[in-house]
Protein chains: 2
Amino acid sequence: MRSIDNYQTLFQAFLTENSFNQMPQELYEPVNYILSIGGKRLRPLLALMGCELFSDKIERALPIAMAVEVFHNFTLLHDDIMDAAPLRRGQPTVHTKYNINTGILSGDVMLIWAYRFLMNTEGGDAMTIRLLDIFNKMATEVCEGQQMDMNFETRSDVTIEEYICMIEFKTSVLIAAAFQMGALVGGGTEGDAQHLYEFGRNIGIAFQIQDDILDSFGDPLKFGKKVGGDIIQNKKTLLVLKALELADEVQKTDLQKLMSETPTDEATKIEAVKSLFEATGARRFAELEMENYLKIAFQHLSAPPLSTDKKNYMHQFANELMMREK
Amino acid sequence: MRSIDNYQTLFQAFLTENSFNQMPQELYEPVNYILSIGGKRLRPLLALMGCELFSDKIERALPIAMAVEVFHNFTLLHDDIMDAAPLRRGQPTVHTKYNINTGILSGDVMLIWAYRFLMNTEGGDAMTIRLLDIFNKMATEVCEGQQMDMNFETRSDVTIEEYICMIEFKTSVLIAAAFQMGALVGGGTEGDAQHLYEFGRNIGIAFQIQDDILDSFGDPLKFGKKVGGDIIQNKKTLLVLKALELADEVQKTDLQKLMSETPTDEATKIEAVKSLFEATGARRFAELEMENYLKIAFQHLSAPPLSTDKKNYMHQFANELMMREK
């Protein structure tokens, strides 16, 4: 297996080769823009790794890597419009830099190009069809997850099961599908690829739960976003849902009151809500859930017939992903 | 070949069987809504006809018919947001009845489902891949055509060649691809299907040019839209572009003045612009262009090895499409 840098260099070269120079420029310039403001290129990396677990010919997975990155950025582009977000990775969002209509249409064409890239994968018609089936299911679920997330904003009866399903659809299935498609094109069996899918899906859920925890309890010097952001926005995270479930009457009233008022002092509100997360046991619950999903993920990693070196590499990679704070 | 009603009944039954009953309801209800407010179901009809030219088993083309109808309605949904249109076929548009975010996301999931339906077509993996390649090219061009149309609003140097390319991409390639994919799944050769594509593409361009002409010169009692609507909106139609090209200095100044002022009386402006379309020869040019595209379309129809009955049927169908006014 290669270094993360090596994978990223390989993908970046492919991305540059395949930049969108077509006309009309007004349609494709925003596509190049959102792809250029980067991020960690995590999803393409997973497709390349999934392939290399089973084959040395990792360039086979480059079209898949491109498809998942273009798809991911399409969802970011449209989500930013829906959230009216002015910035993405510190840069103006597409609809801010250009306009909303450009954002909608450039996003649409990115979704189509994600299919086009995916279809460039070598390996024969049956392989292409199999990848498209995986992609279709994943893409549908991502839209459904985004809708669930929007629904939750106005619902007061969200269950923990529904919340987990939402984060699974909105973020984990893409990570899972990237691994699975990479594994298949690398020559892994359907069974191997399914284990990689489950590895990715469970890692993704664990990662998202950790994000909820860090948002409240992260180190402000290390956490990428503003600590307490979810609390100020009254976001119904796993911590809130579980705290409401475990709270006694007094705690429940306190939490509901805190979440319905505009705070005079944000720091005080953050501390009060965090105390309730601790006192109700919601923080502990979330940490245990996260560890449980990680455990399941590693069980799936252990199933395919891979060398110990490869398994250790993936284990370490997953741990590093999870360790990005703490 | 069947009656138009017969094709439409067949498609409507398939559409009803495949209505979107999945969760979350907030995502799929708008999809059912836009599909229910109907229209003429022209594109699915073309896919079914394209198939029946080569095979009795026209139910083979139903997934293609569904894919093109879902794709077409996805474009309408997103276009209505971009145009801030309150009504579609006399009913509230999706973003008016629900909201813009729902419109964006439901449109996105429709595009994905168009691919899913297309992939349900029988005929083996190679056929599926071929259909997907046609669909990808068409879908990309439709987005590019929509962007060109938006660009033209603020450009003053649009050429007639660019205008024809815009209407070709925005509307004709979908009509063309519906015929082509239907022909392929019906067992037509690549060559036959290419002729059907060119038949549809040229009919589509002729139809759109006719729409420009009728908008100015149509019978107000028969034309579906308000006659003179394009003139009031100062839309750069083929008539305007050609009139500016053919006009003498005085006519050019008159037309540019008419198109830059807010009229005190709309009827007077419409009559003045129409006179210039006549005097410059732009109307005659547009009529000749339309007839030329129709002629090319019928040349392509005559190429495949089809019975005279079938060719006559298609000829008459195309003529009836073009005769809807006049």
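All of these numbers come straight from a predicted model, not from anything done at the bench.

Calculation rules
- Residues numbered from 1 in each chain as written.
- Chains lettered and ligands numbered in written order.
- Predicted model: local features only at pLDDT ≥ 70, side-chain atom pairs only at ≥ 80, totals over all residues.
- Heavy atoms only, no water.
- Core = buried A, V, L, I, M, F, W, Y, C linked by side-chain atoms within 4.5 Å.
- Buried < 20%, exposed > 50% of the residue type's maximum accessible area, 1.4 Å probe, protein only.
- Contact = heavy atoms within 4.5 Å.
- Domains from an automatic or database assignment.
- Buried area = accessible area lost by both parts, 1.4 Å probe.
- Salt bridge = Lys/Arg side-chain N within 4 Å of Asp/Glu carboxyl O.
- 1 Å grid on protein atoms, 1.4 Å probe; cavity = no way out; pocket = protein on both sides within 12 Å on 5 of 7 lines; lining within 4 Å.
- Points joined across faces, edges and corners; volume = space filled by probe spheres on them.
- Helix = DSSP H or I, 4+ residues; strand = E, 2+ residues; numbered from the N terminus.
- Least-squares fit on C-alpha atoms with pLDDT ≥ 70 in both.
- Disulfide = S-S within 2.5 Å.

1. Quick word on the nonpolar core
Across soluble globular proteins, you tend to see nonpolar side chains buried next to one another.
Right, on to step 1. By size, the foremost hydrophobic cluster in this structure holds 237 residues, and its most contacted members are Phe71, Phe199 and Ile209 of chain A together with Phe71, Phe199 and Ile209 of chain B.
Right, on to step 2. Those residues in contact with Phe199 of chain B that lie beyond four places of it in its chain are Phe179, Ala297, Phe298, His300, Leu301, Met314 and Ala318 of chain B.

2. Considering the domain arrangement of chain A
Residues and elements named next belong to chain A.
Right, on to step 1. Here chain A is described as being made up of domain 1 (1–153) and domain 2 (189–326).
Right, on to step 2. The gap between the C-alpha centroids of domain 1 and domain 2 is 25 Å.
Right, on to step 3. In this assembly, 17 residues from domain 1 lie in contact with twelve residues from domain 2.
Right, on to step 4. For the pair domain 1 and domain 2, the summed buried area comes to about 1200 Å², and 67% of that belongs to carbon and sulfur atoms.
Right, on to step 5. In terms of surface lost to domain 2, no three residues of domain 1 exceed Met1, Leu53 and Phe54, which account for 44% of the buried area on that side.
Right, on to step 6. Viewed at the interface, domain 2 and domain 1 are joined by one salt bridge.

3. Section: empty space enclosed by the protein
Residues and elements named next belong to chain A.
Right, on to step 1. Within this structure, the stated rule accounts for four cavities of 30 Å³ or more.
Right, on to step 2. Space inside the largest cavity adds up to approximately 80 Å³.
Right, on to step 3. Among the elements of the structure, α3 (42–52), α8 (160–185), α9 (190–217) and α15 (308–322) are those that each provide at least two residues to the lining of the largest cavity.

4. A look at the relation of the copies chain B and chain A
Right, on to step 1. When chain B is fitted onto chain A, the two copies agree to an RMSD of 0.1 Å after a turn of 180 degrees and an axial shift of 0.0 Å. Classification of the inter-copy transformation places it as that of a two-fold axis. Closest approach to the rotation axis within chain B is made by the C-alpha atom of Asp125 of chain B, at a distance of 2.9 Å.
Right, on to step 2. Taken together, the interface assignments show that 100% of the residues at the interface of chain B recur at the interface of chain A, consistent with an identical surface on both copies.

5. Considerations on the state of the cysteines
Right, on to step 1. By the definition in use, this model includes zero disulfides over all chains.
Right, on to step 2. Cys165 of chain A carries a free sulfur, and the closest cysteine sulfur to it, the one in Cys143 of chain A, is 14 Å from it.

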